[in-house]
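Topology and contacts: notes
Below are the chains, spelled out letter by letter.
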Amino acid sequence: MGLIWTNKLSVGNAIIDSEHRNLISMVNDVSHEIKIGDGSALLQAFKLLENWLRVHFVNEEKIARAVKFPFEQHKLAQQHSLKELRYMKNELVAKDGVWSDSAVAHFTHSLKNWMVDEHIIKLDMLMKPVLQNYDYNFWPNYKDGEAGHAAGAAETHTSSAGGCGCGCGCDS
Ligand SMILES: [Fe+2]
């Protein structure tokens, strides 16, 4: 069974929560491809996840800075998180779909830990006390035409299958 976003994972902001739900779905897609052992599909799933993770980090920073949340340590942690994802991707892609059952268990567990435990619970949850002072739908008005929605909202990204075509920058 894949990861499921629940209200317990809410950090108090609709955009961040929505993006976390979509990222969790993408992590589930990556885990699925690890179990299937399709190296090519796995690479595409990783690319989609990495591209949307970058969009998410930018949106998170915009929100955090707008609510005056101290973001420097958070940003370092984001960069570390991106490196960890690339490390996992490189390790798996180099094996080109040939890995053991124990490797499947290891990497799927590592991905869950990476997304839910490290990113949402240990990191983003630190913003919740501040975010709860704002409307749940809060989004900073940085420039004309950007207010009210986050750049590259990921609602349509629930699967790694097929082309993307959404402007997130991925080449799938
Ligand atoms: Fe996040």
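Residues numbered from 1 in each chain as written. Predicted model: local features only at pLDDT ≥ 70, side-chain atom pairs only at ≥ 80, totals over all residues. Heavy atoms only, no water.

1. Some details on the overall build of the chain
Condition: Numbering goes from the N terminus for both helices and strands, where a helix is a DSSP run of H or I of at least four residues and a strand is a run of E of at least two. Burial status follows relative accessibility: with a 1.4 Å probe on protein chains alone, a residue under 20% of its type maximum counts as buried, one over 50% as exposed, and anything between as partly exposed. Any two residues having at least one pair of non-hydrogen atoms within 4.5 Å are treated as being in contact.
Within the chain one finds five helices and zero strands. Counting helices and strands in the order they occur from the N terminus, the chain gives α-α-α-α-α. Across the 172 residues of the chain, 48% fall into the buried class. In the chain, the share of contacts with a sequence separation of at least 24, taken over all contacts with a separation of at least 6, comes to 76%.

2. Some points on the packing of helix α1 (residues 14-36) against helix α2 (residues 39-66)
We count it as follows: Axis geometry follows a simple rule: fit a line to the C-alpha atoms, using only the stretch in contact for helices, then measure angles between N-to-C directions, giving values from 0 to 180 degrees. Any angle from 65 to 115 degrees is called roughly perpendicular, while one under 35 is roughly parallel, one over 145 is roughly antiparallel, and all others are oblique. Crossing handedness is read from the near helix: turned anticlockwise from the far helix by less than a right angle, it gives a left-handed crossing, and turned clockwise, a right-handed one. Polar here means any residue outside two lists: the nonpolar Ala, Val, Leu, Ile, Met, Phe, Trp, Tyr, Cys and Pro, and the charged Asp, Glu, Lys and Arg; Gly therefore counts as polar.
Here α1 crosses α2 at 165 degrees, and the two axes come no closer than 9 Å. Between α1 and α2, the crossing angle belongs to the class labelled roughly antiparallel. Handedness of the crossing formed by α1 with α2: left-handed. Residues Ile15, Ile16, Glu19, His20, Leu23, Met26, Val27, Asp29, Val30, Glu33 and Ile34 of α1 lie in contact with α2, whose contacting residues are Ala41, Leu42, Ala45, Phe46, Leu48, Leu49, Trp52, Leu53, His56, Asn59, Glu60 and Ile63. A per-class count over the contact of α1 with α2 returns 16 nonpolar, three polar and four charged.

3. Observations regarding helix α3 (residues 72-95)
Counted only if it meets this: For a helix, the expected span equals 1.5 Å multiplied by the residue count minus one.
The first and last C-alpha atoms of α3 sit 36 Å apart over 24 residues, in line with the 34 Å expected at 1.5 Å per residue. Taken as a whole, α3 has its buried residues at His74, Gln78, Ser81, Leu82, Leu85, Met88, Lys89 and Leu92. On the buried face of α3, the contacting elements are α1, α2 and α4 (101-123). Asp96 lies just past α3 and shows a positive phi near 50 degrees.

4. Some words on the coordination of the iron ion
The following threshold applies: Donor criterion used throughout: N, O or S atom within 2.8 Å of the metal, extended to 3.2 Å for Na, K and Ca. Water excluded; incomplete-looking sites may result.
Within the protein, the iron ion binds to His20 (NE2), His56 (NE2), Glu60 (OE), His119 (NE2) and Asp124 (OD); these donor distances fall in the range 1.8 to 2.1 Å. Taken in sequence order, the residues that donate to the iron ion follow the motif H-x35-H-x3-E-x58-H-x4-D. Taken together, the residues Glu60 in helix α2 and Asp124 in the loop between α4 and α5 (128-131) connect sequence positions 64 residues apart. Classification of Glu60 by relative accessible area gives buried; the value is 0%. On the basis of relative accessibility, which here comes to 0%, the residue Asp124 falls in the buried class.

5. Examining the pattern of salt bridges
As a reminder of what qualifies: By definition here, a salt bridge exists when the distance from a side-chain nitrogen of Lys or Arg to a carboxyl oxygen of Asp or Glu is within 4 Å.
Under the counting rule described, the total for this entry stands at eight salt bridges. In this structure, the salt-bridge partner of Arg54 is Glu50, at a minimum N-O distance of 3.6 Å. Of this pair, Arg54 and Glu50 both sit in helix α2, separated by four residues, roughly a single helical turn. For Arg65, the salt bridge goes to Glu61, with nearest N and O atoms at 2.8 Å. Highlighted residues: Arg65 and Glu61, both in helix α2, separated by four residues, approximately one helical turn. With relative accessibility at 36%, the residue Arg65 sits in the partly exposed group.

6. Describing the confidence of the model for the chain
To be explicit about the condition: The quantity called pLDDT is the predictor's confidence in a given residue, expressed from 0 to 100.
Confidence along the chain averages 86 in pLDDT terms, with 82% of residues attaining 70 or more. Confidence drops under a pLDDT of 50 for residues 154-172, and excluding neighbours within four residues, the segment shows 38 contacts in the predicted structure.

7. Looking at the packing of aromatic side chains
Applicable threshold: Classification of ring pairs uses Phe, Tyr and Trp, with its six-membered ring standing for Trp, and accepts pairs whose centres are within 6.5 Å; under 30 degrees between planes counts as stacked, over 60 as edge-to-face, and the remaining range as tilted. Charge-over-ring placement is defined geometrically: NZ (Lys) or CZ (Arg) within 6 Å of the ring centre, and within 35 degrees of the ring normal.
Applying the stated criterion to the full structure yields one aromatic pair. Taking the centre distance of 5.0 Å and the plane angle of 50 degrees together, the rings of Tyr134 and Phe138 count as tilted. Here the guanidinium or amino end of Arg21 rests over the ring plane of Trp5, the centre of that ring lying 4.7 Å away.

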